[in-house]
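Residues per chain, in single letters:
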Amino acid sequence: MLKYPILLPISLMVFLALLTFWINQTVQEEASRMTGVSRHAPDYMLYNFVSTRTDASGRIKYVLAASQMRHYPDSDYTELDRPRFTQFGENMPYTQIYGQRGKISGNGKLVEFVKQVKVVRQATAEKGEMQLKTEQLFVEPDTDIAYTDLPVTILQQPGSVVTGTGMRFDKKSETMQLFNRVHVHYERAPVAVNAAPAAQAGKPKKPARSSKKTRPDTGQ
């Protein structure tokens, strides 16, 4: 017989408690290690992604598309490959934005375009097509505002070129601000010239025909 029989169940309980604690610690360490490696892994992906947003009246406000979309749960950000953003407005020219990569914030309020970013504003009867090129551009779809701190190049048809560093564009008011190192090369649109009179003026004149008749020599 054991001298102290109550010590056996107590010892067994202590052993089981220590074993449980050890297993729990081991599992947590392994989970932490695995989380540290894969915490930025996407939880879902979509190919040929297209998202359309409409206003209160049902008109299309903008369309966002990409060749691939990946959502990351740790940051709630969405990454895009080759994003294409088309923004519409009532009685206004539409604007398209392209890039090699993109990112959407968790609340969808901010879209970032990165690498070889190009903005194209449709031509109107009063203004020619406008193109903007930069390496990074932030767009707020709900406020129709786009901005960047990097250098930009703006091409305005027929031949104006504007360069600068730092830009803010407000589509609603159709205003654009450039903040630093701004250079402008402006070309006036060619004036149409009536080519017909000029061509006639430069053409050599034909000699006038004489209307005087000569009588044959009869020898008289």
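Scroll up a little and you will see the structure.
Source: prediction; values computed, not measured.

A. Broad picture of unusual backbone geometry. Looking along the chain, the bond that leaves Q157 and enters P158 is cis, with omega of 10°. Following the sequence through the fold, P158 ends up in the loop between strand 9 (145-156) and strand 10 (160-170). Despite not being glycine, R82 shows a phi value in the positive range, around 50°. Its place among the elements puts R82 in the loop between strand 3 (77-81) and strand 4 (84-89). One non-glycine residue, D144, lies in positive phi territory at about 60°. You can see D144 is positioned in the loop between strand 8 (130-140) and strand 9.

B. Local environment of the pairing of strand 7 (residues 111-121). Where strand 5 (residues 92-98) meets strand 7, 4 bridges bridge the pair, whose relative direction is antiparallel. Counterpart to I97 in the pairing with strand 7 is V119. Connecting strand 6 (residues 101-104) to the next strand, strand 7, in antiparallel fashion are 6 residues, including G108 with a positive phi near 75°. In the sheet, strand 7 pairs with strand 8 via 9 bridges, with the strands oriented antiparallel.

C. Representation of the side chain of T134. Note that T134 resides in strand 8. Residue classification places T134 among the buried positions, given a relative accessible area of 4%.

About the criteria used
Residues take numbers from 1 onward in each chain, read along the sequence in its written order. For a predicted model such as this one, the threshold for reporting local features is a pLDDT of at least 70, and the threshold for listing and counting side-chain atom pairs is 80 or more; totals across whole chains, interfaces and linings nevertheless cover every residue. Remark: hydrogens and water are excluded; side-chain values derive from all non-hydrogen atoms of the structure. Runs of E in the DSSP output that reach at least two residues are strands. Runs of H or I that reach at least four are helices, and both are numbered from the N terminus. Note on pairing: DSSP must find at least two bridges between two strands before they are called paired. Here the term buried applies to any residue with accessible area under 20% of the maximum for its type, exposed to any over 50%, and partly exposed to those in between, with areas from a 1.4 Å probe on protein chains only.

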